[in-house]
Amino acid sequence: MSDLMSLMRPRSVAIIGASNTPGKIGYAVVDNMKSSGFKGHIYPINPKEDEIGGLKAYPSITDVGKPIDVAVLCVPAKVSVPVAEECGKAGVKHMIVITAGFKEVGKEGRELEQKLAEIASKHGMTIVGPNCLGVMDTHTPFNATFAKNMALKGNIAFVSQSGALCIAILDWSLKEGLGFSQFVSFGNKADLNEADFVEIASQDPNTKVVCLYLEDVVDGPRFIKAARKATKRVPVIVLKSGVSAAGAKAASSHTGALAGSDTAYETALRHAGVLRASNMTELFDLANAFTTQPIPKGKRVAVITNSGGPGIVASDAIELGGLQMAQFSDETLKLLEEKMPSMANIHNPIDVIGDAHYDRYEIAINAALADPNVDAAAVLLSPTAVIEVDKVAEVVVAAKNKYPDKPVVAAFTGGAAVKDAVEYLKEHGVPSYAFPEPAVATLRGLARFAELKKAVEHGEEWAFDDVNKEQVKEIFEKVRKDGRDLLLSPEAAEVAEHYKIPAAPSRLATSEDEAEKQASDMGFPVVMKISSPDIMHKTDVGGVKVGLKSKEEVRAAFNSIMDNSKKAVPDAKIYGVEVQKMMPKGDEIIIGMVKDPTFGPMIAFGSGGILVNLLKDASFRLASGLTKREVDEMIAETKAYTILKGFRGAEPDDIPAISEAVARVAQLCRDFPEIQELDINPIFAYPKSLSALDVKIKLA
Ligand code: ACO
């Protein structure tokens, strides 16, 4: 048993601030521990009492004289600091600090919390909280919370940043009959945080699914690592509230403007293999489904119904939600044709029609689930006067048990007429909903998890060993020495070249002669642009000349660009004139990077050019751990992909070269954390290869 697991399987629990006064938290925790069925030792601690709740009480935890795994602190904040010191002396492994009044109340509280963390670290203890409801495990069992009730025994681990939400969920779950394995409120995260609880829950043999309510993540990379590891064994579902600070902070780059307020979490959670719920209902619908349903092999859904309308609603939800309506095999169609009345629809959705009795459902459900082209089924029922609703529920359950590899959900629509059947379905592991859409949403969640799990299991980072890190380092050092954080275009193009990111050749010329030589070397025609960090709008000052086809034109352009620029911005620091090979027009794309303070660099891909911010066609992935699969996925998600594939008969662009460029940009950003922002826009994509026209790199 790992040390963290002993938090959930303690052999002894001390309650400091235990009280004989009903209505006090110290009273409730003792009462909950006693009634939880806990088999270990309970030590109430209170300097004024000899006995609490019929148990021997001790004046201090240091007086117990026996090993203590967990100490629950329910003493006021100021008292909790010396008490924590005593816990350390008594050899306590974990402190659950229910007490409020720490960092959530301001500077003084923050300092107290810091002290608590220091004491814990000094003594090798962990802290849950402070400012939390506590922790329970229904299988140990133990209940070290001040909640009104103990959760029902089950297989969902619920881990929440909000204690109040825990109380609400707990109460609701009792009414719904939903069971939990672990129930954790982790409060201010002075020590243990979401990553630890994902780890703890995913190692628990009684947990089949981990549900998290998060307001923020303290250590992004650790959380991702823990969640990816967990996902290989159990699904992790997150409900995230609040807006990320990263998105709110406006970045100056194009890529920064493309990232929405939620992009970082969306991107990170997907990479972590975490399923994201958009509300509480969805969170628990999914959690419930994962405890009763297998993970489907694919997205093909069969729908069985006795009425047209709900069948259409379900079909729409399936198509819109990225699932597929299954196409039945010839054998299935033949069987259905033989057994169903001629008016029935034997194609998906199977409509057994309004006069159906339960036997038609039995035939249809079994035929659909036996079909190798079907991965999951949704059974819809409208309670007509002729249908034996309870019998249908029985045949659904029997079919589910016969085909345990395929998820089955139900939508027995209505209320009173289907109440008992719905109860029966739920009791026998078939989630049933009042309408078809949530039933389909559950199937979508199951299928989505199958995809996420596959992605995590085949998750090797895409990296190249033909890059030249040393040369890039030198360029960055030179830029720094020059007192800049923004690279000049030719410098940035050179960085790209060292990482084999195809960029249009670009050089800096400081004289007419140099410009002429560079243009001749790279080949005409060329474009020339003023190179100065102080001149933002180069065209406006006459600092850009395009389509220069000869040495003479290049020499003349050099002089006129220098003159125009000096005249327009006399104080500007001018490095010279950039000479860039003029590239033939291609399809315009952007590859960029923006940094998130929690999750690190995020790579963007999308439609490029001057309309970037208007089109807002971009997808994001984390640079860290970026896989080939993710790169292909992110390209395919954009509208740009439609054009790159060859729109209206056009020759397709070099998509493999684009994928590689994305992966190389990610590697550059991983190798050089000092890159603060990166924009490559536009990149011209061609049927063979691509060419970056404008590379912008800003250092931190
Ligand atoms: N060791 C052991 N016991 C002590 C010590 C000590 N060093 N010092 C005091 N005690 C005893 C007290 O004598 C008292 O026992 P008594 O009832 O026999 O007199 C008991 O510990 C509690 O101390 P009080 O001073 O009476 O404190 P009280 O119970 O009023 O408050 C509490 C303590 C509940 C921890 C309070 O400070 C607090 O933080 N309340 C908010 C808790 C909260 O909301 N947490 C977040 C939950 S998440 C959510 O929002 C749902």
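Rules and cut-offs
- Residues numbered from 1 in each chain as written.
- Predicted model: local features only at pLDDT ≥ 70, side-chain atom pairs only at ≥ 80, totals over all residues.
- Heavy atoms only, no water.
- Salt bridge = Lys/Arg side-chain N within 4 Å of Asp/Glu carboxyl O.
- Helix = DSSP H or I, 4+ residues; strand = E, 2+ residues; numbered from the N terminus.
- Buried < 20%, exposed > 50% of the residue type's maximum accessible area, 1.4 Å probe, protein only.
- Pairing = 2+ DSSP bridges.
- Axes fitted to C-alpha atoms, helices over the stretch in contact; angles between N-to-C directions.
- Contact = heavy atoms within 4.5 Å.
- Polar contact = N/O pair within 3.5 Å; in protein donor to acceptor, adjacent residues only side chain to side chain.
- pLDDT = per-residue confidence, 0-100.
- Phe/Tyr/Trp six-rings, centres within 6.5 Å; stacked < 30°, edge-to-face > 60°.
- Near = heavy atom within 4 Å.
- Areas by Shrake-Rupley, 256 points an atom, 1.4 Å probe, with all protein chains shown as cover.
- Nonpolar A, V, L, I, M, F, W, Y, C, P; charged D, E, K, R; others polar.

**As for the pattern of salt bridges**
Two side chains that carry opposite charge are able to pair once their charged atoms sit near each other.
Here is step 1 of the chain: Applying the stated criterion across every chain, the model contains 36 salt bridges.
Here is step 2 of the chain: In this structure, Arg9 and Asp204 form a salt bridge, with 2.7 Å as the shortest nitrogen-oxygen distance. Remark: Asp204 occurs in the loop between helix 6 (194–203) and strand 12 (209–214) and Arg9 occurs in the loop between helix 1 (5–8) and strand 1 (12–16); sequence separation between them is 195 residues.
Here is step 3 of the chain: A salt bridge links Arg621 to Glu637; its shortest N-O distance comes to 2.5 Å. Of this pair, Arg621 sits in strand 26 (residues 618–622) while Glu637 sits in the loop between helix 23 (628–636) and helix 24 (640–644); the two residues are 16 residues apart in sequence, bridging distant segments of the chain.
Here is step 4 of the chain: Assessed through its relative accessible area of 1%, Arg621 is described here as buried.
Here is step 5 of the chain: Within the structure, one salt-bridge network assembled from shared partners comprises Arg270, Arg621, Glu633 and Glu637.

**Description of helix 10 (residues 263–271)**
Here is step 1 of the chain: With 7 of its 9 residues buried, helix 10 lies for the most part within the structure.
Here is step 2 of the chain: Taken together, the buried positions of helix 10 are occupied by Thr263, Ala264, Tyr265, Thr267, Ala268, Leu269 and His271.

**Some thoughts on the sheet that holds strand 22 (residues 544–548)**
Here is step 1 of the chain: One open sheet accounts for 4 strands, arranged 20-23-21-22; its pairing is antiparallel. With partners counted over all chains shown, the strands left at the sheet margins are strand 20 (506–509) and strand 22, one partner each. Geometrically, the sheet is characterised by an average inter-axis angle of 25 degrees between neighbouring strands, direction not taken into account.
Here is step 2 of the chain: Judged from the 3 bridges that link them, strand 21 (residues 526–531) and strand 22 form a sheet pairing that is antiparallel. From the neighbouring strand, Lys529 faces strand 22, where its bridge partner is Val544.
Here is step 3 of the chain: Each of strand 20, strand 21 and strand 23 (576–581) is contacted by helix 19 (residues 489–498), which is oriented at about 145 degrees to strand 20, the strand it contacts most.

**Some points on the side chain of Ser565**
Here is step 1 of the chain: Inspection of the secondary structure puts Ser565 in helix 21 (residues 551–568).
Here is step 2 of the chain: Accessibility expressed as a relative area gives 0% for Ser565, which makes it buried.
Here is step 3 of the chain: A distance of 2.8 Å separates the side chain of Ser565 from the backbone oxygen of Ile561, its partner in a polar contact.
Here is step 4 of the chain: Ignoring sequence-local partners within four residues, the contact set of Ser565 consists of Ile530, Ile535, Val541, Gly543 and Ile574.

**What about unusual backbone geometry?**
Note: most residues except glycine have negative phi, and most peptide bonds are trans.
Here is step 1 of the chain: With an omega of -20 degrees, the peptide bond between Thr140 and Pro141 qualifies as cis.
Here is step 2 of the chain: Cis geometry marks the peptide bond from Asn681 to Pro682; its omega dihedral reads -5 degrees.
Here is step 3 of the chain: Within the element layout of this structure, Pro682 appears in strand 27 (residues 675–685).
Here is step 4 of the chain: Even without glycine at this site, Lys616 takes up a positive phi of about 45 degrees.
Here is step 5 of the chain: Relative to the helices and strands, Lys616 is located in the loop between helix 22 (612–615) and strand 26.
Here is step 6 of the chain: A relative accessible area of 48% places Lys616 in the partly exposed class.
Here is step 7 of the chain: Although it is not a glycine, Arg648 adopts a positive phi angle of roughly 50 degrees.
Here is step 8 of the chain: The residue Arg648 is located in the loop between helix 24 and helix 25 (655–671) in this model.

**Remarks on the sheet that holds strand 11 (residues 179–185)**
Here is step 1 of the chain: Ordered in space as 9-8-11-10-12-13-14, the 7 strands form an open sheet in which the pairing is mixed. The open sheet terminates on both sides in strands that have one partner only, identified here as strand 9 (142–145) and strand 14 (275–276).
Here is step 2 of the chain: Relative to strand 11, strand 10 (residues 152–160) runs parallel, the two sharing 7 bridges. By the bridge assignment, Ile156 is partnered in strand 11 with Phe180.

**Description of the confidence of the model for the protein chain**
Here is step 1 of the chain: Scored by pLDDT, the protein chain has a mean of 94; 98% of the residues are at 70 or more.
Here is step 2 of the chain: Across residues 246–250, confidence stays below pLDDT 50; counting only partners more than four residues off in sequence or on other chains, it has 4 contacts.

**A look at the environment of Thr539**
Here is step 1 of the chain: Examined against the element boundaries, Thr539 turns out to sit in the loop between strand 21 and strand 22.
Here is step 2 of the chain: The exposed category is assigned to Thr539, whose relative accessible area is 60%.
Here is step 3 of the chain: Sequence spacing of Thr539 and Asn373 is 166 residues, and the spatial spacing of their C-alpha atoms is 59 Å.

**Side note on the packing of aromatic side chains**
Here is step 1 of the chain: Across all of its chains, the model carries 15 aromatic pairs by this definition.
Here is step 2 of the chain: Arranged with centres 6.4 Å apart and planes meeting at 55 degrees, the rings of Phe158 and Phe180 form a pair that is tilted. Residue Phe158 is located in strand 10, and its partner Phe180 is located in strand 11; the two are separated by 22 residues in the primary sequence. Each member of the pair, Phe158 together with Phe180, is buried.
Here is step 3 of the chain: Here the aromatic rings of Phe684 and Tyr686 are separated by 6.4 Å at their centres, their planes lie at 70 degrees, and the arrangement is edge-to-face. For the pair shown, Phe684 and Tyr686 are each scored as buried.

**Examining the site of the ligand**
Here is step 1 of the chain: Surrounding the ligand, one finds 25 residues, the nearest of these being Ser19, Lys24, Asn46, Lys48 and Ala100.
Here is step 2 of the chain: At 2.9 Å from an oxygen atom of the ligand is found a side-chain nitrogen or oxygen belonging to Lys48.
Here is step 3 of the chain: A distance of 2.8 Å separates an oxygen atom of the ligand from a polar backbone atom of Ala100.
Here is step 4 of the chain: When the ligand sits alone it has 1,000 Å² of accessible area, and the protein chains cover 71% of it.
Here is step 5 of the chain: Contributing elements (two or more residues each) for the shell around the ligand: helix 3 (77–89) and helix 5 (163–176).
Here is step 6 of the chain: It is helix 5 that contributes the most residues to the shell around the ligand, 3 residues altogether.
Here is step 7 of the chain: Split by residue class, the shell around the ligand holds 16 nonpolar, 7 polar and 2 charged.

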